[in-house]
Amino acid sequence: MEKERKKILVVGAGGFAGGFIVEEGLRRGYDVWAGVRESTSRKYLTDPRIHFIVFDFDADDPRRALAERLRADAPEGGWDWIIYNLGATKCLRFSDFSRINCDYLQWMLDALKQSDLIPEKFLFISSLSAMGAGRKGSYEPFTERMVPQPNTRYGTSKLKAEMILQMSGVPYIVFRATGLYGPRDRDYFLMFESIKKGFDFSVGFRRQQLTFLYITDLAEAIYAALEKAPVGETYNVAHPSAYTQAQFRRLSMKQMGKSLVLPVKVPLWGLKAVCVIAEKIGAAKGKPSTLNSDKYNILAQRNWNVSIDKAARDFGFAPKVDLAEGIRRSVEWYKQEGWL
């Protein structure tokens, strides 16, 4: 019996993860709509099978504008599943986080209701940062049973967005993703670039446990959850193995053919000073800095261990790409594209 050809809308399709989510949907034989903004680059959205829908979140009446666009461009019967990947990871002000990560979501949910286009499942990409720093002094893995206590503006906005979705009446699934990396990513690329130049910067002197998730593992997990997981659930998603910065450095050195890299440990007080200065410079330029007070709390956190038992049980989540293989694939792509 032929598998049902689901209709999928990916909101935020132009971001790092969005392109891979669209590609995975097409690979599985689904009809995929890429939700983008007018200014969104379509560099990695070139497959002729992709349907596009352009959203205007800056309209005078965004709810009305979104509803009109949804009604005009929706397929017959609407979308079976919607994947919401739109969001900001760094902003100048908390109000910007709240507007982009929370208000945009609220407007989209309201527009879907006004248009009578509520999907069977609405999967929201949140962040492990919504959980906060975890239990002080402990390396106990994060589980879905723990009470979130976000300690960043970004994490707070993600938790607020989760609550908006939970109270909306829309059948939802939430993914709290750890650090995502892979080809096209610019955040972890900065670490690879630094190692290539012969320096590896780490923060603090107490052991730090880092977790990662290769981007194609995220994309596959999204569709596995949509196909199998019940609605009304929240899942942590990460590769189950944790690594130190030294392990990340050694794996990266191997792939880049580096025999000598100087590890530079920055004390937390030094990082905080740099973040404060960088944030003020960014504010003066009207552009958010990569290093800021939010980033300080993220970099200073010692424990990013994650339990994925619930996701494994409910939809068979089992990441295929460990860090060694993920770094190999990423570095190979960066070299081919001339980034490294």
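Summarised in this report is the structure supplied together with it. Source: prediction; values computed, not measured.

## Points about the pairing of strand 1 (residues 7–11)
Piece 1. By the criterion of burial, strand 1 is predominantly enclosed, with five of the five residues buried.
Piece 2. In strand 1, alternate side chains face the same way, and those of Lys7, Leu9 and Val11 on one face and Ile8 and Val10 on the other are all buried.
Piece 3. Handedness of the strand 1-helix 1 (residues 16–27)-strand 2 (residues 31–36) crossover: right-handed.
Piece 4. Two elements, strand 1 and strand 4 (residues 81–84), share four bridges in a ladder whose sense is parallel. Along strand 4, the bridge assignment pairs Val10 with Ile83.

## Here we look at the pattern of salt bridges
Piece 1. With the rule as written, the count across this model stands at 21 salt bridges.
Piece 2. Here Arg64 ties to Glu68 by a salt bridge, and the two come within 3.1 Å at their closest N and O atoms. Separated by four residues within a single helix, Arg64 and Glu68 lie in helix 2 (residues 62–73), roughly one turn from each other.
Piece 3. Given the relative accessible area of 54%, Arg64 is considered exposed.
Piece 4. Relative accessible area serves as the criterion here: at 40%, Glu68 is assigned to the partly exposed category.
Piece 5. A salt bridge links Glu220 to Lys320, with the shortest nitrogen-to-oxygen separation between them at 3.1 Å. In this pair, Glu220 sits in helix 6 (residues 215–228) while Lys320 sits in the loop between helix 10 (309–315) and helix 11 (323–336), placing the two residues 100 residues apart along the sequence.
Piece 6. Salt bridges sharing partners connect three or more residues here, namely Glu24, Arg27, Arg28 and Glu227.

## Brief notes about the sheet that holds strand 3 (residues 51–54)
Piece 1. Reading across the sheet, the seven strands line up as 3-2-1-4-5-6-10 and stay open at both edges, with parallel pairing between neighbours. The open sheet is flanked by strand 3 and strand 10 (233–237), the only strands paired with a single partner. Going across the sheet, the axis of each strand differs from the next one's by a mean of 20°, ignoring polarity.
Piece 2. Pairing of strand 4 with strand 5 (residues 121–127), which is carried by four bridges, proceeds in the parallel orientation. By the bridge assignment for strand 5, Ile82 is matched with Phe122.
Piece 3. Against the sheet, helix 6 makes contact with strand 1, strand 4, strand 5, strand 6 (172–177) and strand 10, and its axis sits at roughly 145° relative to strand 5, the strand it touches most.

Cut-offs applied
Residues numbered from 1 in each chain as written. Predicted model: local features only at pLDDT ≥ 70, side-chain atom pairs only at ≥ 80, totals over all residues. Heavy atoms only, no water. Buried < 20%, exposed > 50% of the residue type's maximum accessible area, 1.4 Å probe, protein only. Helix = DSSP H or I, 4+ residues; strand = E, 2+ residues; numbered from the N terminus. Right-handed = clockwise from strand over helix to strand, strands pointing away. Pairing = 2+ DSSP bridges. Salt bridge = Lys/Arg side-chain N within 4 Å of Asp/Glu carboxyl O. Axes fitted to C-alpha atoms, helices over the stretch in contact; angles between N-to-C directions. Contact = heavy atoms within 4.5 Å.

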